[in-house]
Every structure is written in structure tokens, then in C-alpha cells.
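Single-letter residue listing:
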Amino acid sequence: MMWKDQGELFQRYKKNPILNVEDWPYQAHSVFNPAAAIVNGITLLMVRVEDHRGFSHLTVARSKNGIDGWEIDREPTLSPDPVNYPEEIYGIEDPRITYIDEIGKWAVAYTAYSDSGPLPSLALTEDFRNFERMGAILPPENKDAAIFPVRFKDRWAMLHRPVSGMAGAKANIWISFSPDMKYWGEHEVLLYAREGGWWDANKIGLSPQPLLTSDGWLIMYHGVRQTTSKASYRLGLALLDLEDPRKVLHRSEGWVFGPREMYERSGDVNDVVFPCGWVLVNDEIRIYYGSADVSVSMASAKLCDILEYIHGCPETQCPDEYCRWFEENRGISNDPKKGDCKLKINLGI
């Protein structure tokens, strides 16, 4: 099937950015990469805030309409605690929020920055004021973790992105399972980074938390394309099976949103759109994203349009010509649940 360029699917809010460091009630350097949730009818953002040391913490902002009128906590909502959790010595960042109906709590997966590198940590909360830290749940280097809101055959599932220090190693999105959200195993690659000139070659990672739809689990991920002068962060989509999230039903070929406006192209890290959260308001998906690592912006799309788009994307993770190369050079899974072009890799631990 001939690929047709659909362009960007999400429309920017015309008054972006919606939050800047000038809005903050205390001194900080920048605000970006927010998690998002609807809590008691209020849009809640858990924003990464970087101080003037370069360390990050998390602060909650609330809005009745999810666009303006933000009420921001007067002090950090969740700060690093390196005395009790030494893996947080260099800060905490990039949260993803999932409501776990079974336990009546929100699970906040975030990146703790240790002296061995970044790693996923988890905290539970009922009110976003008091937090029950579960501590580190995977070793470094690993980022971009989020929990699914339901069990699959009595196991919790989590997406994350480990990174190897080996030269030439790709950064893929992995899925893991746990009986208690503390100890994780059954690790395997879910989405792999493509090769060569693709917008998502070599390095990808989860963006917001998985979104439940009638058609499957909707996943948004970021891809990083390195050129001779810069790296650009853009966003793509994938749809996972409702009953078995290891099965990728569709994956977009082109990116659906990328840095274009000046507030996305110029900042502490240029050419970055990085959402850690999205919410569904009626039939509208709203993504809240860090723009150039200095501010928070919003964009939206109709859920029906997104689902129509993703159903038109390939059922394999790559087009035919790349699949042939992949089969010849990397191997192919014989498991029909996982698609024709999915390589399963074990951690070997």
C-alpha cells in the first residue's frame, strides 16, 4: 500500500505556551514535560520544574477548563528525597500518571536521577499531596516508564525504555510485568527504533501513559532524529491489543506532531515537543507537552480522527522493503501475536 503523508494530526492551542516559569509562585529556571490527568473534573498537570542548580522536582498545577486559570502549588509537590532514596540524588523528572481503580490510587511513574544514571521510580497517591514512595523499580539506565491501569492475567504491565552504553545499540520501548508493581520481569521489546533516515531511527521512548480506547491501547511515543547539527524530538502513534498489550496492531510510519513554532524550536533543548501526559475530554485528546524544555504547551485532536488514522497504518512495524531487510539482518519472531516484523530480545539476567 502506497504511503500517504497525513501531516500533523494535532492542532496547537493558539495561545501557547500555556505555562511559563514566570507563572510560577516560587523561583525556578524552567517548567516542562508535564504528566496530565482529570481528577474530580479538574485538569491536573504534574510539571517538571528545574531549579537554578539544574536539579528537577515535580509541582502540580490545576485548571477547571484545562487551558487557563491555572492554580499552582505554592511549593514543590514532590521533591527529591536522596536521604531515604539515594537514587534521587540529582533530582526527579518526567512523570506519567495512571489511575489504578483496583486500589483507588494514582500511580506516578517518574525518572529518578542517580549517580549511576536515570532509572524508573514509582509513587502512589490519593490526593496529590501525600505520596507513598515505592522507590526504584528498575535499574539504570532506563527512562520513560508508565503503568497500565489494569492487570493482564493477574499481572501489572509497564512500558519503559532502557538504554545500553554499547556503541550502536538502539533505544527501544520495552514492556515488563509484575505481580505487585515492585518486582518486574518478563521483559521484552514492544516497539523498536527504526534504522537509517527514519524520523524515529535509533532512539524512541514512551511519551504519555497508555490511553484506553474501544479499539485498543493507544500509545504515543517520541522519536529522536539526529542530524549533523541537532537532534529533533517528534511524536508517533501505535495501537496495542486490549487483552495482550505485547501485540502491536498498528504503528504510524510518519510523525504526527513535531517542533514547528519558535517556542518549540528555541530553548534549553532546541527542537523538542515532549508530552508526558494526555487527557480525553469528550471526544478530544489533549496532549500537554514540554516545548524546548522551557515551557508547557497544549495541542489537541479528535479521538475519532486519531483512531481512523491509526487503523490506516501498517499492521507491521515497518514497510515491506524495510521488513525484508530486517528479516535478513536481524531475525524475525515466529510468534503470530507480535506481528510479522517484531524481534524479541531477552535481557539475559
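Rules of the game
- Residues numbered from 1 in each chain as written.
- Predicted model: local features only at pLDDT ≥ 70, side-chain atom pairs only at ≥ 80, totals over all residues.
- Heavy atoms only, no water.
- Pairing = 2+ DSSP bridges.
- Helix = DSSP H or I, 4+ residues; strand = E, 2+ residues; numbered from the N terminus.
- Axes fitted to C-alpha atoms, helices over the stretch in contact; angles between N-to-C directions.
- Contact = heavy atoms within 4.5 Å.
- Polar contact = N/O pair within 3.5 Å; in protein donor to acceptor, adjacent residues only side chain to side chain.
- Buried < 20%, exposed > 50% of the residue type's maximum accessible area, 1.4 Å probe, protein only.

## A closer look at the sheet that holds strand S12 (residues 173–178)
Move 1: If you trace the four strands from one edge of the open sheet to the other, you get S10-S11-S12-S13, paired in antiparallel fashion. Sheet topology places strand S10 (142–147) and strand S13 (185–191) at the edges, where each strand pairs with a single neighbour. With direction set aside, neighbouring strand axes in the sheet form an average angle of 30 degrees.
Move 2: As paired strands, S10 and strand S11 (residues 156–162) are joined by four bridges and run antiparallel to one another. Residue Lys143 lies in a different strand from S11, and its bridge partner there is Arg161.

## Describing the environment of Thr98
Move 1: Positionally, Thr98 belongs in strand S6 (residues 92–100).
Move 2: It is 9.8 Å that separates the C-alpha atoms of Thr98 and Val150, two residues lying 52 residues apart in sequence.
Move 3: If we ignore the near neighbours within four places in the chain, the residues touching Thr98 are Lys105, Trp106, Ala107, Ile147, Phe148, Pro149 and Gln209.
Move 4: Within the structure, Thr98 has its side chain in polar contact with the backbone oxygen of Ile147 (distance 2.7 Å).

## A look at the environment of Tyr85
Move 1: Along the chain, the position of Tyr85 falls in the loop between strand S5 (71–72) and S6.
Move 2: The class for Tyr85 is partly exposed, based on a relative accessible area of 22%.
Move 3: C-alpha of Tyr85 to C-alpha of Arg133: the two residues are 48 residues apart in sequence and 9.1 Å apart in space.
Move 4: Tyr85 has contacts with Arg133 and Gly135, leaving out every residue within four places of it along the chain.

What is shown is where atoms sit, not what they do.
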